[in-house]
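# Summary of structural features
The residues making up each chain are set out below.
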Amino acid sequence: MPFTKFAGSALLGALLAVALLEPAFAQRQTERSRQKVTAEKQRTGIQQKLEAIKRDIARTEDARADAADELAASEAAISDANRALRDLAEEQDATSTRLNELSKQGEGLQQTIVNQKKQLSQLLREHYVAGNEDRIKLLLSGDNPNRINRDLQMMAYVSQAQAKLLDSLRANLAEVEANRDKVENAQLELQEIASEQQEQKATLEKEKAKRAGLLQNLSTKLADQRKQADRLQRDEQRMTELVDRLSRLIREQAEAERRRQAALAAAKAKAEAEAKARALARVKAAAERAERERIARQSGKPAPKPEPEPPPRVAEQKPPETRPSEVEREVPLAPPAPAGAFAALKGRLTAPISGNIRARFGARRTESLTWKGMFFTAPEGAEVRAVGPGRVVHAEWMRGWGNMIIIDHGGEYLSTYGFTSAVLKRPGDMVRAGEVIASAGNTGGIEESGLYFELRHRGKAFDPSGWIKF
């Protein structure tokens, strides 16, 4: 095929592809939506375990009503809405940044394609003017054969360069199409986020108004209950029982993971030993075969036929490796942490909040009860931070403590953050030291806005004062 015809048809195809690259914003599920569905399914296992713990604790609860229970639904909904709005704001920033990067990348690709089209157009014009007989004219010119051969090679190099230019143009056209798909997906994600933000804001305002009305109606009951020592004692018992059950669950999961890793290591060692034994058997068989052949040659006899290798036993055949899908994998409640890692941070832990200390560990709370942690006063919405790295094991409303978040730091150390207006993390989330995890508030029936903070080791609360760097 003459090069001009090849180049012309290729260029026509390339130009047609460019013309067809028009944005087509059809309604479709975005990557963000698929990831959200997967994440929710992954959390199902954790939520089921935590719900089972709650049901067990509820069975031991006193049947008497608690005024703060009437606030539970609204306070939990407000927390969920605040967390959703924070997550959406972070998603919006990340998606906008990605969209800007994609737009810049697309502009660069478009300029590259324009330049390549100009080069191809120039090549087409030159070949049209020169005609299709270049090689024939050169062969019939009667010129020096060496020069003819050199010129023919040069023409071949030029044709190769032209072909590479066409390949590059096709690749760039495909990349433009992929870029536009990504841009479309990012734009659809931003639309999803904006829609969800409107819904969450409406929910937040509705639940805030509902809670304000409930607080007004329950103010007298709540004030009376704050003075009841037996109620406060039940709250402490409830907290202790929750922590004990969570600690037990963490230990069980750690032991299960240890057994799983041990089983994997044993299976790997067995497979390696069997593979080594088979390799040694093959080497031995080869040596014996070589010796038989040597003896046969010396005696003048034909070499014996090699014995066929027996097929591997079923037990030796490696089963296909199967990996659980993203949906099937369950996020563990807490990860294994190096022994002593949290204890080594004593005296250097991040302060959980910037506020005034209203009550310290051991201070009298009632005539018969003392504080098992610290209470900080702070305006509603003030940022609450994780005192150290770990994984969230509890993040929801609880009677007596309102919206509460508990973090496992490994080594059987737990930190607790209560009375918050919003918990911004979910069970299973990893957190860094100093990361914002909640907002201060007065949920759970307390009067003053702030944060209740507690540290426990092996289920027992201890004084955090010497651990935190204020």
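Look above for the structure.
Read from one edge to the other, the open sheet built from three strands follows the order 4-10-8, with strand pairing classed as antiparallel. Taken across any chain shown, the strands that pair with only one partner, and hence form the sheet edges, are strand 4 (383-385) and strand 8 (422-423). Sheet analysis places strand 4 next to strand 10 (residues 436-439), joined by three bridges and oriented antiparallel. Across the sheet, residue V384 finds its bridge partner in strand 10, namely A438.

This part covers the pattern of salt bridges. One side chain can pair with another of opposite charge once the charged atoms of both are near each other. Overall, the coordinates contain 16 salt bridges when judged by the stated rule. For R426, the salt bridge identified is with D87, shortest N-O distance 3.0 Å. Remark: D87 occurs in helix 3 (residues 69-130) and R426 occurs in the loop between strand 8 and strand 9 (430-431); sequence separation between them is 339 residues. A single network of salt bridges, built from pairs that share partners, joins R251, E412 and R458.

Right, let's talk about the packing of aromatic side chains for a bit. With the rule as written, the count across this model stands at twelve aromatic pairs. Considering the side-chain rings of Y413 and F462, the 6.3 Å spacing of their centres and the 80° angle between planes classify their relative orientation as edge-to-face. In this pair, Y413 is assigned in strand 7 (residues 413-420) and F462 in strand 12 (residues 460-462), connecting sequence segments 49 residues apart. For the residue pair Y413 and F462, the accessibility class agrees, reading buried in each case. Consider the rings of F419 and Y452, whose centres lie 6.1 Å apart with planes at 55°: the pair is tilted.

Moving on to the pairing of strand 5 (residues 390-398). For strand 5, the buried fraction is high: nine of the nine residues fall into the buried class. Where strand 5 lies against strand 9, two bridges are found, and the strand directions are antiparallel. Each bridged residue has a counterpart across the sheet, and for G390 the counterpart in strand 9 is V431. Looking at chain direction, strand 5 and strand 6 (residues 402-408) are connected through seven bridges and run antiparallel. Looking across to strand 6, one finds that E396 is bridged to M404. Hairpin connection, strand 5 to strand 6: the antiparallel pair is bridged by three residues, and G400 has positive phi, about 90°.

Reading the values: the criteria
- Residues numbered from 1 in each chain as written.
- Predicted model: local features only at pLDDT ≥ 70, side-chain atom pairs only at ≥ 80, totals over all residues.
- Heavy atoms only, no water.
- Pairing = 2+ DSSP bridges.
- Helix = DSSP H or I, 4+ residues; strand = E, 2+ residues; numbered from the N terminus.
- Salt bridge = Lys/Arg side-chain N within 4 Å of Asp/Glu carboxyl O.
- Phe/Tyr/Trp six-rings, centres within 6.5 Å; stacked < 30°, edge-to-face > 60°.
- Buried < 20%, exposed > 50% of the residue type's maximum accessible area, 1.4 Å probe, protein only.

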